[in-house]
Amino acid sequence: MILQVATKLFAGLGYDGTSTRQIAEAVGLNVATVSYHVGSKRELYLAVMNRANEAHRVVLEAAVQELVAAPPADKIAALHRLIDRYIDFCADNPEHPALWTHRWLEDASDVTGLEPAYVQPLAQLVIETITAMLDVDPEADVPYTVNTMVWCIHSFVLSGVLDKSGARRGPDDPRALRRFRAHMHHMLHRTLGLPGSPPRPAG
């Protein structure tokens, strides 16, 4: 319960903007009890990030394995399914992109080493798999393409896009999610120079 509450607060307010007292009050415990169970605020943050990364790792590694195991004729479709899984994971777990977006904005700058431990290995796994499994345009920059997809997906999940009236539409809007998903498929397909047409999301 402490981890769940801390995750929501760190995702909403950032590490620097969240105190142990706020976490304790939200859980309904005193600070001493929270510290006894989870240690310092830094230790709790590390536990939150480790827990979030583990859920992310399971989803991404399964999608990569599906791409590796797919027959040659299904490789491109498997890559698009990988992107769908990442979109779905972030939409279902918005605290994950929120935690990392805070870090992009220099939150928890004194807690180092998380990107090399968590982000880079999974990103590199996807980059190397795409490069090895698919015949991409030699001028395509696969690392930048993968990072661009991550930036776009995180931003859409957290802030959505403006519609014609100026209202924000995010993943809780089925039409906006479907349109965003189609755009991601199109951008990935064309940027990598893959043959044929990108898939059209159902619905």
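No experiment lies behind these values; they were computed from the predicted model shown. (Residues numbered from 1 in each chain as written. Predicted model: local features only at pLDDT ≥ 70, side-chain atom pairs only at ≥ 80, totals over all residues. Heavy atoms only, no water.)

S.K.: A description of the pattern of salt bridges should follow, citing residues and the corresponding values.
M.R.: Where side chains of opposite charge bring their charged atoms close, a pairing between them can arise. Per the stated rule, a full pass over the model turns up ten salt bridges. With its nearest N and O atoms 2.5 Å apart, the salt bridge here joins Glu66 to Arg81. Highlighted residues: Glu66 in helix α4 (residues 41–69) and Arg81 in helix α5 (residues 75–92), separated in sequence by 15 residues. Among the residues examined, Glu66 registers a relative accessible area of 23% and is labelled partly exposed. The shortest N-O distance in the salt bridge between Glu66 and Arg85 comes to 2.6 Å. Residue Glu66 is found in helix α4, and its partner Arg85 is found in helix α5; the two are separated by 19 residues along the sequence. (Salt bridge = Lys/Arg side-chain N within 4 Å of Asp/Glu carboxyl O. Helix = DSSP H or I, 4+ residues; strand = E, 2+ residues; numbered from the N terminus. Buried < 20%, exposed > 50% of the residue type's maximum accessible area, 1.4 Å probe, protein only.)

S.K.: Before we move on, can you summarise the nonpolar core with the specific residues and values?
M.R.: Formed by 34 residues in total, the largest nonpolar core has its most connected members in Leu79, Ile130, Ile153, Met184 and Leu192. Contributions of two or more residues to this core are made by α4, α5, α7 (114–133), α8 (142–159) and α9 (174–192). At eight residues, α5 tops the list of elements feeding residues into this core. With residues up to four places along the chain from it excluded, the contact list for Ile130 reads Leu79, Val136, Val142, Val146 and Leu192. Counting 23 residues, the second-largest nonpolar core is a separate cluster that includes Phe10, Ala11, Met49 and Val111. (Core = buried A, V, L, I, M, F, W, Y, C linked by side-chain atoms within 4.5 Å. Contact = heavy atoms within 4.5 Å.)

The values are spatial; any link to function lies outside them.
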